[in-house]
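Below are the chains, spelled out letter by letter.
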Amino acid sequence: TWREYRYDEQSAVNNLAIFAEDEISIVLPRRTSLRASVGLRSDLTHIGDSDYGTISSLSPRISAKYTFWNRPENALSQMSLRAGFGDAVKLPSSFILKPTPSYQDRLAFASDETPDKTTYYAYNTIPSTTVYNSDLKWQRSRLIELEFNARVGQVSISLTAYNNKTIDPYTLASLYTPYSYRFTDNRTALVNSAIPSANRSYAIDQATGIVTVSDLTGNLSSEQLAYTEKKTFKSSRYYYNGNSFSKRGLEWVVNFGKIPAILTSFQIDGAYNYYKGLETGLVASLQSSSQDMADGQPYKYIGLYEGSSNIANGSLSKKITNNLSISTHIPAIRTIISLRLESTLYDYKQMLSESAIGTRGFALDMKGDFFPSGSVTDIYKGGNFVALYPLYYISMDDMNTRIPYAEKLLWAKENDTVLFNELLKMIVRTNNDFYFKPTDISAYFSANLNVTKELGDHVSISFMANNFINNVAKVKNKQNGSEYSLYGSNYIPEFYYGLTLRIKL
């Protein structure tokens with residue numbers, strides 16, 4: 001439900017950033033050289049009344065380029081190596097430092113409809129804010145680069161390898177605390193009421209949650225309505241530091257320079273990118289918050305899942321792109337024509353369900369099964385639905401005792417049917433039998449065109465068209481063997497064009 005949130009009553013966010021950098025160049029024998037730069041950035045953030053107080057960070061960076069071959073008279077005229085290292089700290093957002101309140105509203109009473117078509121509702125409201133975490137570390141992105149550059153004739157070559165590691169990423173989780181409230185069911189509470197429905201007036205005690213119905217005519221005494229005690233959880237959120245992950249890759253650029261005979265230059269560039277991320281911390285999840293127990297009470301079990309209560313707790317992706325740029329200059333008509341062909345040669349993605357001791361999910365023989373398959377152990381080959389158990393669960397009756405889930409489920413199957421049926425509600429399943437099979441998309445490409453015409457020395461007009469051939473070819477997804485058109489997909493940009501007019505004064 002909506003609450004007013006006045007920004008003019010909130011504390012200001014004060015940011016201060018200081019950056020210092022120095023560079024040194026050294027000329028070495030044999031026309032070689034070394035150039036290095038060192039920088040340091042400090043950020044400070046202050047929000048009044050924040051539990052975190054004033055926070056700060058230091059982000060160092062260093063880059064050094066060593067030119068070890070410098071022979072302008074040779075065909076191979078230059079070679080160099082560049083190494084770079086940098087840390088970039090991401091301070092928490094204002095939503096973490098000074099969280100805004102959120103509200104959980106649970107229906108406590110709903111009256112019968114009055115003759116004038118009015119229904120009265122009462123809600124039990126629990127406000128909450130993001131919980132302060134004194135152990136929260138600042139998220140850090142650490143980039144390491146190694147670049148090789150060479151020049152052969154008029155051809156320039158650049159090859160860069162990088163590793164970008166995110167350390168202590170901010171991850172959102174939930175905390176659950178038992179609490180109870182009083183619920184008045186008008187279907188039973190009002191069935192024996194002596195007050196006619198047309199004359200009823202309702203009120204609820206905001207401290208006790210007890211509903212009172214009164215007679216508008218004053219002829220009959222007021223009645224306190226019977227209620228039931230609802231035992232459930234109130235939830236709040238908190239941020240913690242998740243598992244570190246890395247993005248690695250290789251990038252290349254080959255610039256062939258301009259061919260004088262045709263006044264045309266060519267360039268090839270591309271990249272290989274690799275990413276794998278897993279989250280393995282233990283997180284609590286109320287999977288069946290919308291379901292009641294067999295006795296009509298709200299669901300009272302919290303599952304503790306490894307990494308996530310989703311069926312997957314990570315992903316893997318690999319991608320190879322390669323592009324060709326062609327630019328032609330026609331001085332006679334003062335026109336430049338540029339064409340860029342962009343291609344994706346390899347596009348691989350896979351959802352993961354892994355733990356420190358192996359796979360985290362398990363294959364099922366049938367979609368509706370509750371126990372692992374006796375014959376299939378590989379969840380990644382496809383052909384089977386996959387399920388996930390929580391590692392442990394806790395009960396509202398004892399929030400401090402972690403009960404091993406798989407062991408208790410097997411026991412309940414033979415000894416406690418009611419508990420068995422309740423525990424089944426914590427099992428998470430895939431919606432299809434190929435969820436963990438890799439998506440390996442066949443190659444696809446697009447072409448972009450740009451034409452610039454100079455009109456005198458001060459005016460130029462440019463025409464651009466992205467995906468100007470309007471490629472609607474089909475690509476194949478090897479995950480499930482499906483084929484679909486590039487039209488309307490996110491793989492290449494949609495066909496669009498436009499004109500730009502530039503005037504230099």
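The model shown is predicted, which means the values in this text are computed figures rather than measured ones. (Residues numbered from 1 in each chain as written. Predicted model: local features only at pLDDT ≥ 70, side-chain atom pairs only at ≥ 80, totals over all residues. Heavy atoms only, no water.)

Caption draft 1: Quick peek at the overall build of the protein. Assigned secondary structure in the protein consists of four helices and 32 strands. The C-alpha radius of gyration of the protein comes to 33 Å, more than 25% above the 23 Å expected for a compact globule of 505 residues. Expressed as lengths along the three principal axes of its C-alpha atoms, the size of the protein is roughly 110 × 65 × 50 Å. Accessible surface for the protein amounts to roughly 29,100 Å². Of this, 54% is attributable to carbon and sulfur atoms. In the protein, the 51 positive side-chain charges and the 48 negative ones have mean positions that sit 9 Å from each other. (Helix = DSSP H or I, 4+ residues; strand = E, 2+ residues; numbered from the N terminus. Rg over C-alpha atoms; globule rule 2.2 N^0.38 Å. Areas by Shrake-Rupley, 256 points an atom, 1.4 Å probe, with all protein chains shown as cover. Lys, Arg positive; Asp, Glu negative; His and termini not counted. Charge placed at Lys NZ, Arg CZ, Asp CG, Glu CD.)

Caption draft 2: Layout of the pattern of salt bridges. Counted under the stated rule, the structure contains 23 salt bridges. The partner of Glu-145 in a salt bridge is Arg-82, and the shortest N-O contact between them spans 3.0 Å. Residue Glu-145 is found in strand β7 (residues 139-152), and its partner Arg-82 is found in strand β4 (residues 76-90); the two are separated by 63 residues along the sequence. Residue class for Arg-82 comes out buried when judged on its relative accessible area of 18%. Linked through salt bridges whose partners overlap, the residues forming this network are Glu-4, Arg-6, Asp-8 and Glu-9. (Salt bridge = Lys/Arg side-chain N within 4 Å of Asp/Glu carboxyl O. Buried < 20%, exposed > 50% of the residue type's maximum accessible area, 1.4 Å probe, protein only.)

Caption draft 3: Representation of a nonpolar patch on the surface within the structure. Taken together, Phe-445, Leu-455, Ile-461, Phe-463, Phe-468, Ile-469, Phe-495, Tyr-497, Leu-499, Leu-501, Ile-503 and Leu-505 make up a surface patch of nonpolar side chains, about 1,300 Å² in accessible area. Elements with a contribution of two residues or more to the nonpolar patch: β28 (444-455), β29 (459-466) and β32 (496-503). Looking at the nonpolar patch, the element that brings in the most residues is β32, giving four residues. For Phe-495, the location among the structural elements is in the loop between β31 (482-485) and β32. (Patch = residues over 30% accessible without salt bridge, like charges linked within 9 Å, V, L, I, M, F, W, Y side chains within 5 Å.)

Caption draft 4: Summary view of the sheet that holds strand β22 (residues 362-363). The three strands lie next to each other as β22-β23-β26, forming an open sheet whose pairing is antiparallel. Each of the sheet's edge strands pairs with one partner strand only, and the pair in question is β22 and β26 (428-429). Sheet topology places strand β23 (residues 386-388) next to β26; two bridges connect them, and they run antiparallel. From the neighbouring strand, Ala-387 faces β26, where its bridge partner is Arg-429. (Pairing = 2+ DSSP bridges.)

Caption draft 5: Local environment of the sheet that holds strand β11 (residues 211-215). On the basis of which strands lie adjacent, the open sheet formed by three strands has the order β10-β11-β12 and antiparallel pairing. The strands lining the two open edges of the sheet, one partner per strand, are β10 (200-204) and β12 (223-224). With five bridges connecting them, β10 and β11 associate as antiparallel partners. Note that in β11 the partner of Ser-201 across the bridge is Ser-214.

Caption draft 6: Spotlight on the nonpolar core. Tyr-301, Tyr-393, Tyr-405, Leu-409, Leu-423, Met-426 and Phe-436 are the most contacted members of the largest nonpolar core, which has 42 residues in total. In terms of residues, this core owes the most to one element, strand β17 (residues 301-306), which gives four residues. In this structure, Phe-436 is in contact with Ile-311, Ala-312, Gln-350, Met-351, Leu-352, Ser-353, Ile-379, Tyr-380, Val-386 and Thr-430, ignoring residues within four places of it in sequence. Listed in part, the 10 residues of the second largest apolar core include Val-89, Leu-136, Tyr-170 and Tyr-239. (Core = buried A, V, L, I, M, F, W, Y, C linked by side-chain atoms within 4.5 Å. Contact = heavy atoms within 4.5 Å.)

Caption draft 7: Structural detail: the pairing of strand β8 (residues 155-167). Here β7 runs beside β8; their pairing, made up of 13 bridges, is antiparallel. Across the sheet, residue Arg-151 finds its bridge partner in β8, namely Ser-156. Hairpin remark: β7 followed by β8, antiparallel, with two residues in the connecting loop; positive phi at Gly-153, about 65 degrees. Looking at chain direction, β8 and strand β14 (residues 245-259) are connected through 11 bridges and run antiparallel. Within β14, the position partnered with Ser-158 by the bridge is Val-253.

Caption draft 8: Representation of the environment of Ser-33 in the model. The residue Ser-33 is located in strand β2 (residues 33-47) in this model. Of the residues examined, Ser-33 reaches a relative accessible area of 26% and is grouped as partly exposed. In the structure, Ser-33 is positioned 37 residues away from Asn-70 in sequence and 8.9 Å away in space, judged by C-alpha atoms. When residues no more than four places from it in sequence are discounted, the contact partners of Ser-33 are Ile-26, Val-27, Leu-28, Lys-65, Tyr-66 and Thr-67.

Caption draft 9: Structural view of the packing of aromatic side chains. Under the definition given, this model contains 24 aromatic pairs. Summarising the aromatic geometry, the rings of Phe-109 and Tyr-202 are spaced 5.4 Å apart at their centres and angled 50 degrees between planes, so their arrangement reads as tilted. Of this pair, Phe-109 sits in strand β5 (residues 102-110) while Tyr-202 sits in strand β10, and the two are 93 residues apart along the sequence. Under the relative-accessibility criterion, Phe-109 is labelled buried at 3%. For Tyr-202, a relative accessible area of 17% translates into the label buried. (Phe/Tyr/Trp six-rings, centres within 6.5 Å; stacked < 30°, edge-to-face > 60°.)

Caption draft 10: Spotlight on the side chain of Glu-422. Along the polypeptide, Glu-422 turns up in helix α4 (residues 417-423). Apart from residues lying up to four places away in sequence, Glu-422 is in contact with Met-293, Ala-294, Tyr-299 and Tyr-301.

Caption draft 11: View of the environment of Pro-438. Within the element layout of this structure, Pro-438 appears in the loop between β26 and β27 (439-441). C-alpha of Pro-438 to C-alpha of Tyr-380: the two residues are 58 residues apart in sequence and 7.5 Å apart in space. If sequence neighbours within four positions are ignored, Pro-438 has contacts with Tyr-348, Lys-349, Gln-350, Tyr-380, Lys-478 and Gln-479.

Caption draft 12: Representation of helix α3 (residues 405-415). Within α3, the full set of buried residues consists of Tyr-405, Leu-409 and Ala-412. Seen end-on, α3 carries its buried residues on one side only, within an arc spanning 70 degrees. For α3, exposure combined with an orientation more than 90 degrees from the buried face picks out Glu-407, Leu-410, Glu-414 and Asn-415. (Arc of directions from axis to C-beta.)

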